[in-house]
Amino acid sequence: MSILVIAEHDNSSLKQATLNVVAAAKAVGGDIDVLVAGENCGAVGEAAGKIEGVSKVLVADNAVYGHFLGENLGLLVADLGKGYSHIFAAAGTTGKDFMPRVAALLDVAQISDIVRVESEDTFVRPIYAGNAIATVKSSDSIKVVTVRPTGFDPVSGEGGSAAVEALDNVQDAGVSSFVSEQVAESDRPDLASAGIVISGGRGMQNGENFKMLEQVADLLGAAVGASRAAVDAGFVPNDMQVGQTGKIVAPQLYVAVGISGAIQHLAGMSDSKVIVAINKDEEAPIFQVADYGLVADLFEAVPQLEEELKKAL
Amino acid sequence: MKVLVAVKRVIDYNVKVRVKPDNTGVDLANVKMAMNPFCEIAVEEAVRLKEKGVATEIVVVSIGAKACQEQIRTALALGADRGIHIETDEEVQSLEAAKLLKAVVEKEEPKLVILGKQSIDTDNNQTGQMLAALTGMGQGTFASEVVVEGDKVNVTREVDGGLTTVALNLPAVVTTDLRLNEPRYASLPNIMKAKKKPLDGMTPADLGVELAPRLSTLKVEAPASRQAGVKVADVAELVDKLKNEAKVI
Ligand SMILES: Cc1cc2nc3c(=O)[nH]c(=O)nc-3n(C[C@H](O)[C@H](O)[C@H](O)COP(=O)(O)OP(=O)(O)OC[C@H]3O[C@@H](n4cnc5c(N)ncnc54)[C@H](O)[C@@H]3O)c2cc1C
């Protein structure tokens, strides 16, 4: 068996999710190659070479891959992927965009968002917003798989010494182009991989009030997330949404503030190790999954939390 | 320009999902079904494009058992002009759905195809991208804004890092995210009118597509359930527990 893992990165640094995907690939067994496709992404190729358990790193460095357009990545990965038994990528918005194209071009099914590897052809994945867990077997010769990073403990990003090979494979579908982007700048840890996440919901009332959560987050070194209702209401940007259709997080500690606990929200955070809920409604469903529940008005509890943490930390 | 919208009949998003005791799947007997929420957003976007004078005709297509004609009628009531029902009682996986839609695209030659980014049953998030690849079209996935200009469409996409905008040659595929629009409700007169709108039936065989599922589901289980923990009296107790009991801070 030979597995091609597509690295997740931003052209300058390797994203941690890649280490989780390599872990999933290791669970299958066999040789693992990593593809770094991007523009001026040499440093990422170097970093990928250090990942534990990787045999070879392929670097496709070209302007056509600079913005990770699904049309171009799809062509490249389908072309390279023909030589592998498995193609794995993280189930983030990049992988979700290009991987189904790869599968379609190879005329195989895709298995989305796996959380466990049962064997080389059988995988476990949540369906129905995590309300059911399916074990799925593929009969295709090439398995195209997206991996939910929180399902796998990351391998080490150090200690490997894979050969790094430059590829001369330029695939331009010529049907799409990059126009612009609005990247959220934050000094806080990345939501998807943070050890502590504090999220606010509709109960926060406005974007200004999220500052209260940010102050607590900064004390804890936490990332700040949100429910869909808070994003829809315009309190915070879309990249903060946790849930079935937002980001999937599984931190050591998840603090839900003014969030009712709809199943679509739970789908994104119920694998957290410890869950805290602060809500003024003692009947709120979030309390059914919370390890520690505090029935309180958040406008009193959150400033108190900040004070108590200052004392305790 | 002609817009094709694909819609799927799924379990209503408010329904509590239960796994069958024999672990073969999810219990769908006597459960309320509805149009997938992302497909509603797709229909709404097409209707808005028509109201703006950009779209001239909206064709809505659904694949599945007879019952999914209900969802086609709903889309017609919301403003689609005609429906196509690809009827099958078999399970249709994403790749096959994409092949069926490709056949429809070849017949109908729409300038824009709009689909939901995922269906809330299988949560696959694949069909739109697969259709785009099979037809060689560009794709604007997870769209929060769609602007047609001449022979291009600019799509703003919700991505992990924020927002990114791409320009696609038409014809193109767009898949909808939650914030693209807020779907309207169908009015009673429009529901009545929808009953008279044309709805064509066909089978996968009519479209020359053989259903050959590649994935088999070995079992479906309920997730490990979390137990509710304790209620704490105040913030001081909370911080104490987090520090000394759970040891997470
Ligand atoms: C297809 C689909 C996909 C979805 N995907 C997602 C998703 O990815 N993520 C997601 O989060 N949702 C998602 N949703 C939406 C989900 O169903 C809920 O509507 C949403 O999660 C509710 O957000 P909320 O808990 O912030 O708001 P609400 O349900 O309105 O809850 C607000 C809570 O705040 C509490 N509160 C109010 N004021 C205070 C106060 N002063 N102090 C303390 N507590 C207070 C209230 O008691 C209440 O429990 C999706 C829905 C659909 C249909």
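In this report, the structure presented in the accompanying data block is examined. Sequence positions are assigned chain by chain, starting from 1 and proceeding in written order. Chain A is the first chain written and ligand 1 is the first ligand written, with later ones labelled in order. Reporting in this predicted model follows two pLDDT cut-offs: at least 70 for local features of residues, and 80 or more for side-chain atom pairs to be given and counted; totals over whole chains, interfaces and linings ignore these cut-offs and use all residues. Working from all heavy atoms in the structure, the side-chain values ignore hydrogens and water.

**Re a nonpolar patch on the surface**
Inclusion rule: Note on patches: the residues involved have over 30% relative accessible area and no salt bridge, like charges join within 9 Å, and the nonpolar side chains Val, Leu, Ile, Met, Phe, Trp and Tyr join within 5 Å. Residue-level accessible areas treat just the shown protein chains as cover; the underlying method is Shrake-Rupley with a 1.4 Å probe. Should a side-chain nitrogen of Lys or Arg be within 4 Å of a carboxyl oxygen of Asp or Glu, the pair is scored as a salt bridge. Each helix is a run of DSSP H or I of at least 4 residues and each strand a run of E of at least 2, with the numbering of both proceeding from the N terminus.
A contiguous nonpolar surface patch, about 290 Å² in accessible area, is contributed by Leu188(B), Ile191(B) and Met192(B). With respect to the helices, strands and loops of the structure, Leu188(B) is situated in helix H5 (residues 188-194).

**Considering the sheet that holds strand S7 (residues 138-149) of chain B**
Stated precisely, the cut-off is as follows: By the convention used here, strands pair only if DSSP detects at least 2 bridges between them. Between N-to-C directions, angles span 0 to 180 degrees; the directions come from axes that are lines fitted to C-alpha atoms, helices contributing only their stretch in contact. By definition in these notes, contact holds between two residues if any of their heavy atoms fall within 4.5 Å.
Spatially, the 10 strands line up as an open sheet ordered S11(A)-S9(B)-S8(B)-S7(B)-S10(B)-S6(B)-S1(B)-S4(B)-S5(B)-S11(B), and their pairing is mixed. Of all the strands in the sheet, just strand S11 (176-183) of chain A together with strand S11 (199-202) of chain B have a single pairing partner and so form its edges. Neighbouring strand axes in the sheet, compared pairwise and without regard to direction, differ in orientation by 30° on average. Bridge count for S11(A) against strand S9 (residues 162-169) of chain B is seven bridges, and the pairing is antiparallel. Considered in S9(B), the bridge of Ser177(A) is made with Ala167(B). In this fold helix H2 (residues 69-78) of chain B packs onto strand S1 (2-7), strand S4 (57-64), strand S5 (82-87) and S11 of chain B, with an angle of close to 165° to the strand it touches most, S5(B).

**Some details on the nonpolar core**
In plain terms, the rule: Only buried residues count toward a nonpolar core. Its members are Ala, Val, Leu, Ile, Met, Phe, Trp, Tyr and Cys residues joined through side-chain atoms within 4.5 Å. The rule is simple: take the accessible area with a 1.4 Å probe, protein chains only, and divide by the maximum for that residue type; under 20% is buried, over 50% is exposed, in between is partly exposed.
Formed by 52 residues in total, the largest nonpolar core has its most connected members in Leu35(A), Ile87(A), Val144(A) and Ile86(B). Looking at this core element by element, the count peaks at eight residues for helix H3 (residues 94-108) of chain B. Setting aside chain neighbours within four positions, we find Val144(A) in contact with Ile87(A), Met99(A), Val102(A), Ala103(A), Leu106(A), Val108(A), Ala109(A), Gln110(A) and Ile111(A). Counting residues in each nonpolar core, the second largest holds 45 residues, with Val22(A), Val28(A), Phe152(A) and Val155(A) among its members.

**Topic: the site of the ligand**
Quick note on the threshold: A cutoff of 4 Å decides nearness: a residue is near a molecule or strand if any of its heavy atoms lies inside that distance of it. Counted as a polar contact is a pair of N or O atoms within 3.5 Å, where, for protein atoms, one must be capable of donating a hydrogen and the other of accepting one, and residues adjacent in sequence contribute only when both atoms are in side chains. Each residue is assigned to one of three groups, with Ala, Val, Leu, Ile, Met, Phe, Trp, Tyr, Cys and Pro labelled nonpolar, Asp, Glu, Lys and Arg labelled charged, and all others, Gly among them, labelled polar.
Arg202(A), Ser227(A), Ser260(A), Gln264(A) and Asn279(A) are the nearest of the 30 residues found near the ligand. One chain alone does not account for the residues near the ligand; they come from chains A and B. Here Thr245(A) contributes a side-chain N or O atom positioned 2.8 Å from a nitrogen atom of the ligand. Between an oxygen atom of the ligand and a side-chain N or O atom of Ser260(A), the distance comes to 2.6 Å. Computed on the free molecule, the ligand has an accessible area of 990 Å², of which 86% lies beneath the protein chains in the complex. Elements with a minimum of two residues in the shell around the ligand: helix H6 (228-232), helix H7 (263-266) and helix H8 (298-312) of chain A together with helix H1 (37-51) of chain B. For the shell around the ligand, the class distribution of residues is 12 nonpolar, 13 polar and five charged.

**Structural notes on the interface of chain A and chain B**
This is how the line gets drawn: Throughout, the accessible surface (probe 1.4 Å) given up by two parts as they are put together, summed over both, is called the buried area.
On the side of chain B, 76 residues touch chain A, which itself brings 85 residues to the contact. For the pair chain A and chain B, the summed buried area comes to about 6600 Å², and 54% of that belongs to carbon and sulfur atoms. Broken down residue by residue, the surface that chain A buries against chain B is led by Thr93(A), Tyr128(A) and Tyr292(A), which jointly contribute 11%. On inspection of chain A and its partner chain B, the count reaches six salt bridges. Residue Arg157(B) pairs with Asp97(A) through a salt bridge whose shortest N-O separation is 3.6 Å. Where chain A meets chain B, there are 48 residue pairs in polar contact (both at pLDDT 80 or more). A class-by-class count of the residues in the side of chain A that touches chain B yields 39 nonpolar, 27 polar and 19 charged.

**Topic: H3(B)**
Heads up, the condition is: What a helix is expected to span follows from its residue count: subtract one and scale by 1.5 Å.
Helix length check: H3(B) (15 residues) gives 20 Å between terminal C-alpha atoms against 21 Å at 1.5 Å per residue, within 8%. Counted residue by residue, H3(B) has 11 buried out of 15 residues, so it is predominantly covered. Listed as buried for H3(B) are Ser94(B), Leu95(B), Glu96(B), Ala97(B), Ala98(B), Leu100(B), Leu101(B), Ala103(B), Val104(B), Val105(B) and Glu108(B). Considering only its buried residues, H3(B) is in contact with helix H4 (93-105) of chain A together with S1, S4, S5, strand S6 (112-116) and helix H4 (127-135) of chain B.

**Overview of the sheet that holds strand S16 (residues 292-295) of chain A**
The strands making up a sheet associate through hydrogen bonds between their backbones, and the pairing can be parallel or antiparallel. In space, the six strands of this open sheet follow the order S13(A)-S12(A)-S14(A)-S15(A)-S16(A)-S13(B), with parallel pairing throughout. At either margin of the open sheet sits one strand with a lone partner, and together these are strand S13 (223-226) of chain A together with strand S13 (230-231) of chain B. Sheet topology places S16(A) next to S13(B); two bridges connect them, and they run parallel. The residue of S13(B) that forms the bridge with Tyr292(A) is Val230(B). Helix H5 (residues 210-220) of chain A contacts strand S12 (196-200), S13 and strand S14 (253-257) of chain A of the sheet and is inclined by roughly 175° relative to S12(A).

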